[in-house]
Amino acid sequence: MSTQIEQQETETEADEETEPEVESPGDRRRAQRDERQAQEQAQREVEEETLDDEDTITLKVFRYDPEVEGKQEPRFDDFRVPFHKGMTILDALIYARDHYDSSLTFRHSCRQAVCGSDALFVNGRQRLGCKTQISELDDPIRIEPLPHQEVVKDLVVDMEHFYDQMEAVEPYFDADETPDDKLEEQRQTRENREKVKMSTRCIWCGACMSSCNIAAGDNEYLGPAAINKAYRFAMDEREGENRKQERLRIIEQEHGVWRCQTQFSCTEVCPKDIPLTEHIQELKREAVKNNLKFW
Amino acid sequence: MSQSYNRGTVEDFGRWREFTAGMWAWIFHKFTGWVLVGYLFTHIAVLSTAVGVDPASAQAGSDLYTSTISGLESLLIVRFLEVGLLAVAVFHILNGIRLLMVDLGVGLESQDKSFYASLLLTGAIVVASVPTFLGGKLA
Ligand code: HEM
Ligand code: SF4
Ligand code: FES
């Protein structure tokens, strides 16, 4: 198993400056690098040897980096990682990066399904790395970047378009009227809070957008997460009727709710269990009710 | 930044391992819908060219319409295609009802179960129809 990429020399160059001048500094660095790589490789082999077959899992990780020669052609690297009870996909990736290949690149931060950084395509389905138990998956585990987004490097995808769609629905509370007294709270009824509760849980991970067949074919489609965001505010009674009409205009535009074909893919993959299809359908009915007047 | 690697539609599709019930329902619904449209046009084309206006031969049972129909029914492949047509139509109708429920927001949590129910019911109806379609003598 040789998954190590020829590393570009950037760090630890000025460490030892005691060698004779006959060698050029470049030669010396290259020699040092080769030596270090051989060491790392040997260490990795030893580590992998000593792993008991029983308690290891194999990760097949998508690798690609347009800026590194030898990684421009996408490929899969195998990593054997010791398994422990409760281990998540993210734990395994962190192990592989810290022990085998420091160039393995993926986003993560909170490790507790809050920040939304690590939505990945694991064994053919969008999952949140830190919320996915390895014990639930078949070995070997195939880890890829989210489909339908450009890959920047390894498991990192470009989220720009997703964020644009989120911004397009004006995702902020914006009431028609605010209390005269600036310090007064804008209270919401319990019922109304219950209604929007699930929709407020979105962590902007992008899993739903990536799973959606329609969003893949129509770049202008707002997508499940953005529509859910729109739902969260359109259904908030504190905003008032004018604001709701403005919000409905965004929602019911050509590439808004009407693109949804109720495939339920987004609802299946959402790590926060938001009933996305249900919210989209409710907004469709809301839009119809808003425009159909029989009197 | 250098250009990034675009994985392309075909490659994406090949990597998909898990379709869920709702996605299968969508695929089948599109497929059956278009098969039905195809059948509708074939149906119109065949029958509209098979209506003769000859009362005498109609009386004798040897007019163009009767001979076209019995000619088709004498082919085994046509009998099987009829079973297939029924399957496609029944699934489309049952899943169509499921989709109407989904549009009305009724029972969204059990949309997967209603899809499986549509499949099972389609299967049962199709099996029950086999004697009728394949039973008669291939004249
Ligand atoms: C009782 C009978 C039927 C019911 C209940 C029904 C129901 C439906 C529903 C609800 C949809 C929308 C699916 C969606 O939301 O994406 C649909 C789509 C479709 N139906 Fe039917 N349908 C029936 C008969 C037919 C027939 C007879 C044909 C063909 C002649 C047909 C052709 C289609 C096609 C082609 C589509 C897909 C349209 C698209 O590409 O979006 N349907 N059907
Ligand atoms: S709706 Fe769910 S899947 Fe979509 S971005 Fe929000 S948390 Fe992620
Ligand atoms: S690391 Fe924050 S959501 Fe997984």
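Everything numeric in this text was worked out from a predicted model, so none of it was measured.

Colleague: I would appreciate a short explanation of the domain arrangement of chain A in the present structure.
Modeller: Interface size is often expressed as the accessible area that is lost when the parts come together. Residue and element names in this part refer to chain A. Its domain assignment divides chain A into domain 1 (41–152) and domain 2 (160–176 + 190–293). On a C-alpha basis, the centroid separation for the pair domain 1 and domain 2 is 32 Å. Listed as interface residues are 13 residues of domain 1 and, on the opposing side, 13 residues of domain 2. Note on domain 1 versus domain 2: buried area summed over both sides is about 1000 Å², and carbon and sulfur give 54% of it. For the domain 1 face of the interface with domain 2, the top three residues by lost area are Arg125, Gln126 and His148, together amounting to 41%. One can count zero salt bridges joining domain 1 with domain 2. The tally of links between domain 1 and domain 2 comes to six residue pairs in polar contact (both at pLDDT 80 or more). Broken down by element, the side of domain 1 that touches domain 2 gets its largest block of residues, three residues, from strand 4 (residues 125–128). Along the lines of polarity and charge, the residues of the side of domain 1 that touches domain 2 split into seven nonpolar, four polar and two charged.

Colleague: Would you take a moment to explain the coordination of the iron atom of ligand 1 for this structure?
Modeller: Octahedral metals with six donors have ideal donor angles of 90 or 180 degrees. Tetrahedral metals with four donors have an ideal donor angle of 109.5 degrees. A lone protein donor contacts the iron atom of ligand 1, and this donor is His92 of chain B (NE2), found at 2.0 Å. Residue position: His92 of chain B is located in helix 5 (residues 76–104).

Colleague: Quick question: what am I supposed to make of the state of the cysteines here?
Modeller: Put plainly, a disulfide is one covalent bond tying together the sulfur atoms of two cysteines. All names here are of chain A. Per the counting criterion, the structure on display carries zero disulfides over all chains. Between Cys212, a cysteine without a disulfide, and Cys266, which holds the nearest cysteine sulfur, the sulfur-to-sulfur distance is 6.5 Å. On the accessibility criterion, Cys212 (10% relative accessible area) is buried.

Colleague: Explain the nonpolar core here, please?
Modeller: Within soluble globular proteins, side chains that are nonpolar tend to cluster in buried spots. Residue and element names in this part refer to chain A. Core analysis: the biggest nonpolar cluster contains 69 residues, and Leu59, Val81, Ile89, Leu93, Ile141 and Ile143 have the highest contact counts within it. Here this core takes seven residues from helix 2 (residues 89–99), the largest share from any one element. Of the domains in this structure, domain 1 (41–152) and domain 2 (160–176 + 190–293) are the two that each give at least three residues to this core. Not counting residues within four places of it along the chain, the set of residues in contact with Leu59 comprises Asp77, Asp78, Phe79, Val81, Ala92, Leu93, Ala96, Ile141 and Ile143.

Procedures and definitions
Residues numbered from 1 in each chain as written. Chains lettered and ligands numbered in written order. Predicted model: local features only at pLDDT ≥ 70, side-chain atom pairs only at ≥ 80, totals over all residues. Heavy atoms only, no water. Domains from an automatic or database assignment. Contact = heavy atoms within 4.5 Å. Buried area = accessible area lost by both parts, 1.4 Å probe. Salt bridge = Lys/Arg side-chain N within 4 Å of Asp/Glu carboxyl O. Polar contact = N/O pair within 3.5 Å; in protein donor to acceptor, adjacent residues only side chain to side chain. Helix = DSSP H or I, 4+ residues; strand = E, 2+ residues; numbered from the N terminus. Nonpolar A, V, L, I, M, F, W, Y, C, P; charged D, E, K, R; others polar. Donors = N, O, S within 2.8 Å, 3.2 Å for Na, K, Ca; no water. Disulfide = S-S within 2.5 Å. Buried < 20%, exposed > 50% of the residue type's maximum accessible area, 1.4 Å probe, protein only. Core = buried A, V, L, I, M, F, W, Y, C linked by side-chain atoms within 4.5 Å.

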